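Working through the structure, step by step
Now for the letters of each chain:
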Amino acid sequence: MNKQMRDKLGDAHFASELHEGDSLTDQPHRQCQKLVAEYRARFASELGATLCCTLRANGYGTSGKSSCSTLVERAVSILLDVINMESGTEQSR
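Residues numbered from 1 in each chain as written. Predicted model: local features only at pLDDT ≥ 70, side-chain atom pairs only at ≥ 80, totals over all residues. Heavy atoms only, no water.

Here we look at the overall build of the protein
Let me state the cut-off plainly: Under the scheme used here, helices are H or I runs from DSSP no shorter than 4 residues and strands are E runs no shorter than 2 residues, and both carry numbers assigned from the N terminus. Using a 1.4 Å probe on the protein chains alone, a residue whose accessible area is under 20% of its type maximum counts as buried, one over 50% counts as exposed, and one in between counts as partly exposed. We call two residues in contact when some of their heavy atoms are within 4.5 Å. Only the protein chains shown count as cover for residues, and the accessible areas themselves come from Shrake-Rupley with a 1.4 Å probe.
What the protein contains, in helices and strands, is four helices and zero strands. The N-to-C order of helical and strand elements in the protein reads α-α-α-α. Looking at the protein as a whole, 25% of its 93 residues are labelled buried. In the protein, the share of contacts with a sequence separation of at least 24, taken over all contacts with a separation of at least 6, comes to 46%. Put simply, the protein shows about 6300 Å² of open surface, and 55% of that area lies on carbon and sulfur atoms.

Set out below in structure tokens:
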């Protein structure tokens, strides 16, 4: 996984860790937190983990059974599904 993808997932993790009383608790941010939490749960459910070391141990990566590009493609597909479900549209995979 490249640095840009790690940074994006780190940002998503940060957003999922925000708590009530933080400065970002207005309605749009709560909705974002909800979507991030849903994405993280779906990612973990479908891919078996959210940590790079565990994903590598599960066979993702350059020396694994599935390439990093396959992992990224699945992650993006999950993200789009979560966003599309929120907006009332479905994307077929």
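Regarding the nonpolar core
Here is the rule: Joining through side-chain atoms within 4.5 Å is the link that ties buried Ala, Val, Leu, Ile, Met, Phe, Trp, Tyr and Cys residues into a set, and such a set is a nonpolar core.
Membership of the largest hydrophobic core is limited to ten residues, which are Tyr39, Phe43, Leu47, Ala49, Leu55, Tyr60, Leu71, Ala75, Ile78 and Val82. Listed by contribution, the elements that provide at least two residues to this core are helix 2 (27–47) and helix 4 (68–87).

A word on helix 4
An α-helix turns once every 3.6 residues. As a result, residues three or four positions apart point the same way. Rule in force here: Multiplying 1.5 Å by the residue count of a helix minus one yields the expected span of that helix.
With 20 residues, helix 4 should reach 28 Å at 1.5 Å per residue; the first-to-last C-alpha distance of 29 Å fits that figure. Within helix 4, burial applies to Leu71, Ala75, Ser77, Ile78, Asp81, Val82 and Asn84. Positioned one or two residues after helix 4, Gly88 has a phi angle of 90°, which is positive.

With respect to the pattern of salt bridges
As a reminder, the rule being used: By definition, a salt bridge exists where a carboxyl oxygen of Asp or Glu is found within 4 Å of a side-chain nitrogen of Lys or Arg.
Tallied over the full model, the rule gives three salt bridges. For Arg42, the salt bridge identified is with Glu46, shortest N-O distance 3.1 Å. Taken together, the positions of Arg42 and Glu46, both in helix 2 and four residues apart, correspond to about one turn of that helix. Judged by relative accessible area, which is 16%, Arg42 ranks as buried. Residue Glu46 is classed as partly exposed on the basis of its relative accessible area, which comes to 26%.

As for the packing of helix 2 against helix 4
Going by this rule: Fitting a line to C-alpha atoms yields each axis, with helices limited to the stretch in contact; the angle taken between N-to-C directions then spans 0 to 180 degrees. Every angle not falling under 35 degrees, over 145, or within 65 to 115 is termed oblique; those three ranges are roughly parallel, roughly antiparallel and roughly perpendicular. In this scheme the handedness of a crossing depends on how the near helix is turned from the far one: anticlockwise by less than a right angle means left-handed, clockwise means right-handed.
As a packed pair, helix 2 and helix 4 sit with axes 9 Å apart at the nearest point and diverge in direction by 140°. With respect to helix 4, the element helix 2 is oriented oblique. Pair helix 2 / helix 4 crosses with right-handed handedness. Every residue of helix 4 that contacts helix 2 at Gln31, Lys34, Leu35, Glu38, Tyr39, Arg42, Phe43, Glu46 and Leu47 is listed here: Leu71, Arg74, Ala75, Ile78, Leu79, Asp81, Val82, Met85 and Glu86.

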